[in-house]
Amino acid sequence: MYRTNTCAELRIEDLGKEVTLSGWVQKARKMGGMIFVDLRDRYGVTQLVFNQDTNAALCEQAAKIGREWVIQVRGKVLERSNKNSSLPTGEVEIIVGELIVLNASQTPPFTIEDETDGGDDIRMKYRYLDLRRAPVRANLELRHKMAFETRRFLDERNFLEVETPVLIGSTPEGARDFVVPSRMNLGEFYALPQSPQLFKQLLMVSGFDRYFQIVKCFRDEDLRADRQPEFTQIDCEMSFVDQEDVLNMFEDLSKHLFKTIKNIELPDFPRMTYAQAMKEYGSDKPDIRFEMKFVELKDLTTGKNFPVFDGAQYVAAICAQGCASYTRKQLDELTDFVKRPQIGAKGLVYVRYEADGSLKSSVDKFYAQEDLKKWADRCQAKPGDLLLLICGETEKAQKQLCELRLEMGARMGLRDKNIFKCLWLIDFPLLEKDEELNRYFAKHHPFTSPKAEDMHLLDSDPSAVRANAYDLVINGVEVGGGSIRIHDGKMQAKMFEVLGFTKEKAEAQFGFLMNAFKYGAPPHGGLAFGLDRFVSLFAGLDSIRDCIAFPKNNSGRDVMMDAPSIIEQEQLDELGLALVKKA
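The following refers to the structure shown. Sequence order as written defines residue numbering, which begins from 1 separately in each chain. In keeping with the model being predicted, local features are shown solely for residues with a pLDDT of at least 70 and side-chain atom pairs are shown and tallied solely at 80 or more, while totals for entire chains, interfaces and linings include all residues. Calculated side-chain values reflect all of the structure's heavy atoms, with hydrogen atoms and water omitted.

## A look at the overall build of the protein chain
Only DSSP runs of H or I with at least four residues qualify as helices, and only runs of E with at least two residues qualify as strands; both kinds are numbered from the N terminus onward. Counting secondary structure elements, the protein chain contains 17 helices and 22 strands. Seen through its C-alpha atoms, the protein chain measures out along the principal axes to roughly 90 × 75 × 55 Å. For every residue, the accessible area obtained with a 1.4 Å probe (protein chains only) is divided by the maximum for its type, and the residue is called buried under 20%, exposed over 50%, and partly exposed between those limits. The buried share among the 583 residues of the protein chain stands at 48%. Note on definitions: a residue-residue contact is assigned when non-hydrogen atoms from the two residues lie within 4.5 Å. Here the analysis covers contacts within the protein chain between residues at least 6 apart in sequence; of these, 65% occur between residues at least 24 apart. On the protein chain, roughly 29400 Å² of surface is accessible, and the fraction owed to carbon and sulfur atoms is 50%. Working convention for charge: Lys and Arg count positive, Asp and Glu count negative, and His plus the chain ends are omitted. Working definition for charges: the position is that of NZ of Lys, CZ of Arg, CG of Asp or CD of Glu. Side-chain charges in the protein chain split into 79 positive and 90 negative, and the spacing between the mean points of these groups amounts to 3 Å. Calculation of accessible area relied on Shrake-Rupley with a 1.4 Å probe; when residues are assessed, cover is drawn exclusively from the protein chains displayed.

## Notes on a negative patch on the surface
Exposure above 30% relative accessible area and no salt bridge define the residues that can form patches, which grow by joining like charges within 9 Å and nonpolar side chains of Val, Leu, Ile, Met, Phe, Trp and Tyr within 5 Å. The rule for a salt bridge is simple: a side-chain nitrogen of Lys or Arg has to be within 4 Å of a carboxyl oxygen of Asp or Glu. There is a patch of like negative charges on the surface, built from Glu568, Glu570, Asp573 and Glu574. If you trace the backbone, Glu570 turns up in helix α17 (residues 569-575). The class of Glu570 is exposed, set by a relative accessible area of 55%.

## Here's the deal with empty space enclosed by the protein
A pocket, in this scheme, is an open set of points on a 1 Å grid over the protein atoms alone with protein on both sides within 12 Å along at least 5 of 7 lines, while a cavity is a set where a 1.4 Å probe fits but cannot get out; residues line either one if an atom lies within 4 Å of a point. Grid points are joined across faces, edges and corners, and a volume is the space filled by probe spheres set on the points. Evaluation of the coordinates by the stated rule reveals 1 cavity of 30 Å³ or more. Looking at the largest cavity, its volume works out to about 50 Å³. Lining the largest cavity we find Met124, Arg127, Phe550, Pro551, Asp558, Val559 and Met560. Gly counts as polar in this scheme, as do all residues outside two lists: the nonpolar Ala, Val, Leu, Ile, Met, Phe, Trp, Tyr, Cys and Pro, and the charged Asp, Glu, Lys and Arg. For the lining of the largest cavity, a count of residues per class yields 5 nonpolar, no polar and 2 charged.

## Quick look at the packing of helix α14 (residues 489-498) against helix α15 (residues 503-517)
Helix packing for two helices is described by the angle between their axes and how far apart those axes are. Angles shown run from 0 to 180 degrees and are taken between the N-to-C directions of axes, each axis being a line fitted to C-alpha atoms and, for helices, limited to the stretch in contact. For the pair α14 and α15, the least separation of the axes is 10 Å and the interaxial angle reads 160°. One element, α14, and the other, α15, form an angle in the roughly antiparallel class. For the pair α14 and α15, the crossing hand works out as right-handed. Together, Gly489, Gln492, Ala493 and Phe496 of α14 and Ala506, Phe510, Met514 and Phe517 of α15 make up the contact between the two elements. The cut-offs work like this: below 35 degrees is roughly parallel, past 145 is roughly antiparallel, 65 to 115 is roughly perpendicular, and the gaps in between are oblique. By the definition used in this description, the sense in which the near helix is turned from the far one sets the handedness, with an anticlockwise turn below a right angle giving left-handed and a clockwise turn giving right-handed.

## Brief notes about the sheet that holds strand β13 (residues 314-320)
What holds strands together in a sheet is hydrogen bonding between their backbones, with the strands either parallel or antiparallel. The strand order across the open sheet built from 5 strands is β12-β13-β16-β14-β15, with neighbouring strands paired in antiparallel fashion. Each end of this open sheet is capped by a strand with a single partner; those strands are β12 (295-296) and β15 (359-361). Two elements, strand β14 (residues 349-353) and β15, share 3 bridges in a ladder whose sense is antiparallel. By the bridge assignment for β15, Tyr353 is matched with Leu359. When DSSP locates at least two bridges between a pair of strands, those strands are taken to pair.

## A short note on the environment of Gln509
Residue position: Gln509 is located in helix α15. Taking C-alpha positions, Gln509 is 59 Å from Thr4, a pair spaced 505 residues apart along the chain.

## Some details on the pairing of β13
Among the 7 residues in β13, 7 count as buried, and that is most of the element. Alternating residues of β13 divide into Tyr314, Ala316, Ile318 and Ala320 and Val315, Ala317 and Cys319, and every residue in both groups is buried. Relative to β13, β12 runs antiparallel, the two sharing 2 bridges. The partner of Val295 across the bridge, within β13, is Ala317. In this sheet, strand β16 (residues 386-392) lies alongside β13 in antiparallel orientation, the contact comprising 7 bridges.

## A short note on helix α6 (residues 243-262)
Between the first and last residue of a helix there are one fewer steps than residues, each counted as 1.5 Å, and that sum is the expected span. For α6, spanning 20 residues, the distance from its first C-alpha to its last is 28 Å, which sits close to the expected 28 Å at 1.5 Å a residue. Polar contacts, as counted here, are pairs of nitrogen or oxygen atoms within 3.5 Å of one another; within protein the pair requires one atom able to donate a hydrogen and one able to accept it, and residues that are adjacent in sequence qualify only if both atoms are side-chain atoms. N-cap assignment for α6: the residue whose side-chain oxygen lies 3.3 Å from the backbone N of Glu244 is Asp242. Just beyond α6, the residue with positive phi is Asn263, at close to 55°.

What follows is the structure in structure tokens.
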């Protein structure tokens, strides 16, 4: 028997017990004739004591062990004289009577502590060591609990978990596919699924009624902190539902996870239209933990001989309450922030609303006090507040002002990770037009249903058609989204036509779906939550990497296994592929 207890179990009630523990040496320290060892396993840490006076040979043996050695000890539970209140086991220690070294260890390349000295690259390379650290392990335990509670919730509501294929046909619409060559069908390729979208719709045609799957998905796209080439979705679909049915079901799931995992009771989630979100926040995933909504000022700024505002399509402000005391240095920092290439603004105009009621601005020579007062009044500003204005082409300026709003929210301490504000974003545009290609693309995907009241616009004004689509946004993060699907074959054919598909192309790529619709497809809809994003939000992480056991880096590489990599010529020959030399 390697152990009778874990390193987190023993308490003051266990005094006098003979126990066996196994684990890794967290640290060892010698104090006079005593050696103290912190023994760690997945569950926690227990202090071991080796006493020179009672067993010199054992103490000599203990002096040779180092960090991360795997050992087994047998001994008696005693009360600690110097208790450690930060450890659950901090009231007891083990007086060791027998020590067995199960495996020696080299000195690890970084400290296996909560606060490690290892940078991201080294920790990714030795991820199996990083996973020994309590914070990383806690993230994966959180992930397990969320997946478990999701399954329990959905099972209780008659959802069936169904696995769908991983090797599928490529569908070029959307993000880039990862493709897999077929040895048995030379010159032909599978794709890894970007989502199980088509299969879950076919399951609805099959009469399964309620489906879910916690599933790996793959997208060959540019990476950011919240993206990985492979990621996990909580994927769901329901039959005989409208938009409200879906929103209510998965709002309940979200509330259930917050309650069971974090013991947080959430109020009902507000609904916000896409048009409102863009007008007030410049984002389709607004962070509503704080106000600071956009206030449009174009009509109040034109005609005063300030060419920057006169020539702008859009002028808007945010009001930072209590920030009129910002120094010139701080305002210059904000100007530099919005002028960064990632944001792209040409400049920033500010108005300080001083405590005495006067207004001081970076454009004083163009605008009188009464002009600035009109701006302040529209923004509902008070003495002590700071107005920040950005102008330009509407869509670009809104995105720039959005970034400035988030930066100000962070500087003012308004983006508390322990506060959670959720909302459903609805009424997205169904289509977006690529002006260079002069064609429309689906904003969500080609299977999203238009809103019934907008269907007549598909021929005359496709850009104005709204979708039966929705996203769940929490603290400015898009956690998931979905839509009510098209279930009528004629409507689906019309959508492909609007998207520029020929009948032949639509048949080649999606003929199996169109054929399925001929046999009685029910009204259906669903959504998918990003499990990685959901977990990282609960854990207060800035990146999803730390809630994935073995993540890729920002270049999409697995630096631990050195993948992707060149494969042998024999394998390429079997696949009918030429050798690609690395540049």
